[in-house]
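# Observations on the model geometry
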Amino acid sequence: MLRTILLALLLSSVLMQLHGQTLTSSNLPIVVITTPQGQTIQDDPRITCHMGVINNGTGNMNNITDPYNNYDGDIFIEIRGSTSQQYPKKGYGFETQDSLGNNNPIALLGMPVEHDWILYGPYPDKTLIRNVMTYEFARQMGNYAPATRYCELVIDGDYRGVYVAMERIKIDGDRVDIQKLHIPNTWLDTLTGGYILKVDKLTGEVGYTWESLYDNEVVFQFHDPEFDELNSMQVSYMENYIGDFEAAVNGPNFDDLTGGWRDYIEDKTFHDFFILQELGRTVDGYRSSSFLHKDKNTITWNAKLRAGPMWDFNLSYGNADYCLAETTTGWQYKFDEVCNFTTAIPFWWERLLDSPGYTNALRCRWEELRQGILSTTNVNNYIDSLANVLQSARIRNFQRWPIIGQYVNWNGFVGQTYQEDVDYLKTWMEQRSLWIDANMPGECNLAVEETELEPSYHTAWPNPFDQGISVGFSLFGAGDVEISVLDLSGRLVEQQTLSNLTSGTHATTFETGNWVNGAYLYVISLDGNKLYTGKIVKQ
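First, a word on scope: everything that follows refers to the structure included in this document. (Residues numbered from 1 in each chain as written. Predicted model: local features only at pLDDT ≥ 70, side-chain atom pairs only at ≥ 80, totals over all residues. Heavy atoms only, no water.)

### Considering the pattern of salt bridges
- If you walk through the whole model with that rule in mind, you get 27 salt bridges.
- One salt bridge connects Lys 268 with Asp 272, and the closest N-O pair in it is separated by 3.0 Å. In this pair, Lys 268 and Asp 272 are both assigned in helix 5 (residues 267–280), four residues apart and thus about one turn of the helix distant.
- One salt bridge in this structure joins Arg 491 and Asp 487, with 3.1 Å as the shortest N-O distance. (Salt bridge = Lys/Arg side-chain N within 4 Å of Asp/Glu carboxyl O. Helix = DSSP H or I, 4+ residues; strand = E, 2+ residues; numbered from the N terminus.)

### Topic: the sheet that holds strand 10 (residues 195–199)
- Reading across from one edge, 11-12-10-13-14 is the order of the five strands in this open sheet, with antiparallel pairing throughout. Unpaired on one side and paired on the other, strand 11 (209–211) and strand 14 (305–307) mark the two borders of the sheet. Neighbour to neighbour, the strand axes of the sheet diverge by 30° on average, direction disregarded.
- In this sheet, strand 14 lies alongside strand 13 (residues 290–294) in antiparallel orientation, the contact comprising three bridges. Residue His 293 lies in a different strand from strand 14, and its bridge partner there is Arg 306.
- Sheet contacts for helix 4 (residues 232–250): strand 10, strand 11, strand 12 (219–224), strand 13 and strand 14; angle to strand 10, the most-contacted strand, approximately 55°. (Pairing = 2+ DSSP bridges. Axes fitted to C-alpha atoms, helices over the stretch in contact; angles between N-to-C directions. Contact = heavy atoms within 4.5 Å.)

### Considerations on the sheet that holds strand 6 (residues 91–97)
- One closed barrel accounts for seven strands, arranged 2-3-5-6-7-9-8; its pairing is mixed. The sheet shows a mean angle of 40° between the axes of neighbouring strands, taken without regard to direction.
- The pairing of strand 2 (residues 30–34) with strand 8 (residues 148–155) spans four bridges and is classified as parallel. Following the sheet pairing, Ile 30 is matched in strand 8 by Glu 152.
- Here helix 2 (residues 130–140) sits on the sheet in contact with strand 7 (116–120), strand 8 and strand 9 (158–167), set at roughly 150° to strand 8.
- Relative to strand 9, helix 9 (residues 393–400) is tilted by about 120°, and along the sheet it contacts strand 8 and strand 9.

Structure representation (structure tokens):
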């Protein structure tokens, strides 16, 4: 026992002295990785290592000598990333495994159980915040985004700094929640989903790719399942679906209620993707690390293409100095007019803005978010909350990586202190939001319609809602009432007809479990004449 204690103290002493920083304890979880003797973690192939995770819970300190209480076992690990591999602070992808090399699903740092994980090491983003913040906003907007947990990392006794343990994007009930393909079955329902695709550059491990029908610099790839897990019919189905979508959007009748873009995409997810890409003025936005996914069709539901999840925002929000990415004005979807890269932005991001229904709904969604999640006050408060969590750990991080006040590829701003970098992020986001306020296309009229009756004569509750919502209203005459619920593009979501109602107060309920999260309008009509309208929000 005495020998064990002495060895632990010796290890602690060694860690304390590495690179001039002290790591005896942290308010963040501590991840310790040990490689087999004579091996190092590299890009390829993966190697088996041991990982221990110390996590004593929110509000408790984690000591380097504490037992591994969150995970204590094997991992199969490699260096990951594309452009990020140029930085000395590497990112890692790993799987948790049992002693036999089988997948070992765990709740890493309290995240949903899985075996496939990432350790992301923020480097050019000196705030250490941009990716974590973006994913959190995406989740609050009702979309899936990778769960994240800050931690401090030690590899073979070498302190590596502040990292973000996070989920890898993949099909799973707690990640991208779409049906898994039944392989090699080729029945129709299997062919239709689910798939995760990405528009990306051709670096790293690239399997089968195909180009846009309208631009050979727009390249699609299978992400999950990977190409080698698919049969030829499944590959053809998804390639043809994208081709049909592009053809519809490029056609003269692209805005028709049937046969146009509405047949192929869930527009709200495209709105949210557009908003976050534009808010970040993401230098790689739309053309790289841009994910799409599609679920399986059912007898009653044709699943459409969804944009997302969000990914890779470390060079966003003014943190890149090329192709006007540091400016707070201008549209990022017009990037190809500014710079010529080997990858281009799909034409449909701009083409969709020619649809009044799409654009008006986009404007409404932006205004809705600016009243809450993306308000300047909420954004600043969230940034401050993350900076506060990192208050001690970031000092050690920048002792290990002394880059504060130094230019790192491709910083759009170089603060002389950590706080200057944080303040720049906040100021940049505020100015960017104000520019979008003034320039977002479309018109939005979500206010309750003025009528001869007071608004109190109709209401909806609970609002916001989840699994169901009730709509109540008063009538001053008899007749047939029709209640229609529309999404913000004007598309009918659900409708009820209540016949032969008398004057007085009435109510009805809508089951909303299969509605997507977001804002809707309801319209109450009596004998074909509109009486009331209102806004409701599912979250």
